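Observations on the three-dimensional arrangement
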Amino acid sequence: MLEKDSIERFNAEQILNEILNNEKNLIKNQNLQSLHNFYEDDKFKYINENKIIKIDENYNEEQMLEYIKINNNNLTVNHNLRNKMTNNENNLQSFKEDKVIVKNETKLIGFSNKFKFVGQIDCFKEIKKRNFLNYIFGGDEEIEKNETFKYPYDILIDNNLIYIVYPYSEIIVKFNLENNQSVKQINLNFSPSCIKLDKTNDTLLIGDRYYNVIYRFNKNFELLQQYGNNNGFKSFWTSISGIEVDENNGNIFICNFNKKKVQILTKDFQLIKECTNNLNGPWDILLNNEKNELIISDSHIHCIKIFMIDGEFIKSIGKYGNKESEFNFQSGFIYDIVNNQYIICDSGNNRIQIFNGNFEFIKFFKNKKNSQNEFNWQRNLAINYRNGQMYIVDQDKNCIKIYK
């Protein structure tokens with residue numbers, strides 16, 4: 001969900017200008033003292049015993065960006081800048097590169113759009129064994145890749161954990177975000193297709209791939225609620241493919257890909273309404289509370305559709321193709337709250353496309369054909385806002401690719 005109403009955005013140039021114009025109002029930040037170790041002495045003066053630093057005009061944008069990166073969790077801004085960033089929407093536009101959000105005194109880092117590959121999580125277990133000749137003559141154990149987890153579908157990042165969804169194996173696996181090592185495997189009696197954190201009550205919402213069913217679990221994976229049942233006809237196509245939650249009232253929005261509709265439920269799983277107008281294969285959904293809009297990835301007709309929350313159709317973005325702003329069975333997408341941009345899995349084209357907050361094209365990224373890192377039907381993605389890394393679910397490569 002878009003959370004711009006509770007977020008302050010600012011970039012290096014804006015911070016610098018505000019500091020120069022409001023030196024006396026600069027809030028004390030002990031970590032600013034560390035700048036003295038990085039630059040020449042004549043650029044800083046300690047004004048008084050409280051060690052509030054005066055910054056002269058030689059302090060440039062590059063230095064400010066470096067300061068932002070050095071002080072990951074302690075960036076403090078004066079009251080004038082805080083008010084300016086809150087009241088002036090024009091100042092929320094991106095300047096050049098790194099943009100920073102301070103929310104509840106925690107720094108968030110968005111995706112840089114540089115797509116530097118940093119690693120991957122493989123969806124198989126490695127088993128060490130000796131073959132017959134090794135057993136007779138000795139030698140090292142061989143590594144066999146046992147593909148226990150096949151075809152990941154969705155991913156969720158929550159604090160220091162990653163949840164990866166495997167519908168064909170009927171499991172969800174938790175990984176440690178610090179080392180990308182498996183923490184726990186959760187065996188389910190259904191085929192999970194998507195997962196969403198409901199921040200209103202800190203529970204997990206999970207959709208069923210084959211049936212029109214959604215489950216609510218606590219974080220110990222104890223079942224709390226269920227909407228729908230699995231007694232009917234088993235769908236060949238994916239049923240529940242995407243879930244969104246309105247953090248203002250707890251309402252739940254469900255993409256039913258097979259039934260070509262979006263369902264809206266209360267937080268107690270009571271049906272409010274179903275939307276079928278202008279939908280052909282809704283795969284994923286985002287809610288923009290600021291504009292009162294629903295944004296839907298309509299995969300079957302290769303476009304992004306925008307509706308008012310009451311169901312009124314506004315416009316569509318894209319069409320079938322492989323050029324800029326064109327799609328080929330796109331699937332999951334996210335909103336980068338730091339950089340005010342949408343990042344979309346253009347699955348059939350084996351690439352990622354990025355658009356700004358008004359859905360104006362920025363760039364696309366595609367690995368070289370037949371290369372080791374070439375995408376093969378990327379299904380969904382998520383950003384770790386602690387370090388700006390993006391995790392991309394590559395379904396047919398059986399892995400999660402990580403970029404920064």
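Just above, that's the structure.
Below is a summary of the structure that appears in this document. No experiment lies behind these values; they were computed from the predicted model shown.

Observations regarding the packing of aromatic side chains
This model, assessed by the stated rule, comprises 23 aromatic pairs. Centre to centre, the rings of Phe 117 and Tyr 403 are 5.5 Å apart; their planes meet at 70 degrees, and the pair counts as edge-to-face. Of this pair, Phe 117 sits in strand β6 (residues 117–122) while Tyr 403 sits in strand β31 (residues 399–403), and the two are 286 residues apart along the sequence. Classification of Phe 117 as partly exposed rests on a relative accessible area of 31%. When its relative accessible area of 1% is taken as the criterion, Tyr 403 is described as buried. Through a chain of ring-to-ring contacts, three or more aromatic side chains come together here, namely Phe 327, Tyr 335, Tyr 342, Phe 355, Phe 359, Phe 361 and Phe 364. In this arrangement the basic side chain of Arg 351 is found over the ring face of Phe 364, its NZ or CZ atom lying 4.6 Å from the centre. The ring of Tyr 153 carries the charged tip of Arg 379 above its face, separated from the ring centre by 4.5 Å.

Some remarks on the sheet that holds strand β25 (residues 333–336)
Spatially, the 4 strands line up as an open sheet ordered β25-β26-β27-β28, and their pairing is antiparallel. At either end of the open sheet lies a strand with only one pairing partner, and these are β25 and β28 (361–365). Across this sheet, the average inter-strand angle for adjacent strands is 20 degrees, counted without regard to direction. Note that strand β27 (residues 351–356) and β28 share 4 bridges and pair antiparallel.

Considerations on the nonpolar core
Inside soluble globular proteins, nonpolar side chains tend to come together where they are buried. If you look at the biggest cluster of nonpolar residues, it comprises 30 residues, and the most contacted ones within it are Phe 115, Ile 343, Ile 352, Phe 359, Leu 381 and Met 390. Going through the elements one at a time, β23 (303–308), β25, β26 (341–346), β27, β29 (378–384) and β30 (389–394) are the ones with two or more residues in this core. The dominant element in this core, judged by the number of residues it contributes, is β26, at 4 residues. Apart from residues no more than four positions distant in its own chain, Leu 381 is found in contact with Ile 155, Phe 333, Ile 334, Ile 343, Cys 345, Ile 352, Met 390, Tyr 391 and Ile 392.

Quick word on the pairing of β27
With 6 of 6 residues buried, β27 lies mostly within the body of the structure. Residues of β27 alternate between two faces, with Arg 351, Gln 353 and Phe 355 on one and Ile 352, Ile 354 and Asn 356 on the opposite face, all of them buried. Two strands pair when backbone bridges link them, and β26 and β27 are joined in this way by 6 bridges, in the antiparallel orientation. Residue Cys 345 lies in a different strand from β27, and its bridge partner there is Ile 352. In this antiparallel pair of consecutive strands, β26 and β27, the connection spans 4 residues, and Asn 350 shows a positive phi of 50 degrees. What sits between β27 and β28 in their antiparallel hairpin is a turn of 4 residues, with Phe 359 showing a positive phi close to 60 degrees.

Notes on the sheet that holds β23
Here we have 4 strands laid out as an open sheet, ordered β21-β22-β23-β24, and antiparallel in their pairing. In the strand order of this sheet, the two ends are held by β21 (282–288) and β24 (313–317), each with one partner. Pairwise comparison of adjacent strand axes, ignoring direction, gives a mean angle of 20 degrees for this sheet. Examined bridge by bridge, strand β22 (residues 293–298) and β23 share 6 bridges and lie antiparallel to one another.

Concerning the side chain of Gln 395
With respect to the helices, strands and loops of the structure, Gln 395 is situated in the loop between β30 and β31. Engagement of the side chain of Gln 395 in a polar contact is seen with the side chain of Asp 396, the distance being 3.1 Å. The contact partners of Gln 395, leaving out residues within four places of it in the chain, are Tyr 151, Pro 152, Tyr 153, Asn 376, Trp 377, Gln 378 and Arg 379.

Brief notes about the pattern of salt bridges
Applying the stated criterion across every chain, the model contains 9 salt bridges. Asp 158 is paired through a salt bridge with Lys 219; the nearest N and O atoms lie 2.5 Å apart. With Asp 158 in strand β9 (residues 154–158) and Lys 219 in the loop between β15 (214–217) and β16 (223–227), the pair connects residues that are 61 residues apart, well separated along the chain. For Asp 158, a relative accessible area of 10% translates into the label buried. Residue classification places Lys 219 among the partly exposed residues on the basis of a relative accessible area of 22%. Note that Lys 261 is salt-bridged to Glu 274, the shortest N-O span being 3.2 Å. Taken together, the positions of Lys 261 in strand β19 (residues 261–265) and Glu 274 in strand β20 (residues 271–275) put the pair 13 residues apart, joining distant regions of the chain. Residue Lys 261 is classed as buried on the basis of its relative accessible area, which comes to 13%. By relative accessible area, Glu 274 is classed as partly exposed at 37%.

Quick look at the environment of Asn 278
Looking at the element boundaries, Asn 278 is found in the loop between β20 and β21. Distance in space between the C-alpha atoms of Asn 278 and Gly 311 is 9.9 Å, their sequence separation being 33 residues.

Things to note about unusual backbone geometry
Backbone geometry at Ser 325 places phi at a positive 65 degrees, although glycine is not the residue there. You can see Ser 325 is positioned in the loop between β24 and β25. For Ser 325, a relative accessible area of 24% puts it in the partly exposed group. The backbone of Phe 329 sits at a positive phi, close to 50 degrees, despite the residue not being glycine. If you trace the backbone, Phe 329 turns up in the loop between β24 and β25. Using a relative accessible area of 32% as the deciding quantity, one classes Phe 329 as partly exposed.

Conventions used here
- Residues numbered from 1 in each chain as written.
- Predicted model: local features only at pLDDT ≥ 70, side-chain atom pairs only at ≥ 80, totals over all residues.
- Heavy atoms only, no water.
- Phe/Tyr/Trp six-rings, centres within 6.5 Å; stacked < 30°, edge-to-face > 60°.
- Helix = DSSP H or I, 4+ residues; strand = E, 2+ residues; numbered from the N terminus.
- Buried < 20%, exposed > 50% of the residue type's maximum accessible area, 1.4 Å probe, protein only.
- Lys NZ or Arg CZ within 6 Å of the ring centre and 35° of its normal.
- Pairing = 2+ DSSP bridges.
- Axes fitted to C-alpha atoms, helices over the stretch in contact; angles between N-to-C directions.
- Core = buried A, V, L, I, M, F, W, Y, C linked by side-chain atoms within 4.5 Å.
- Contact = heavy atoms within 4.5 Å.
- Polar contact = N/O pair within 3.5 Å; in protein donor to acceptor, adjacent residues only side chain to side chain.
- Salt bridge = Lys/Arg side-chain N within 4 Å of Asp/Glu carboxyl O.

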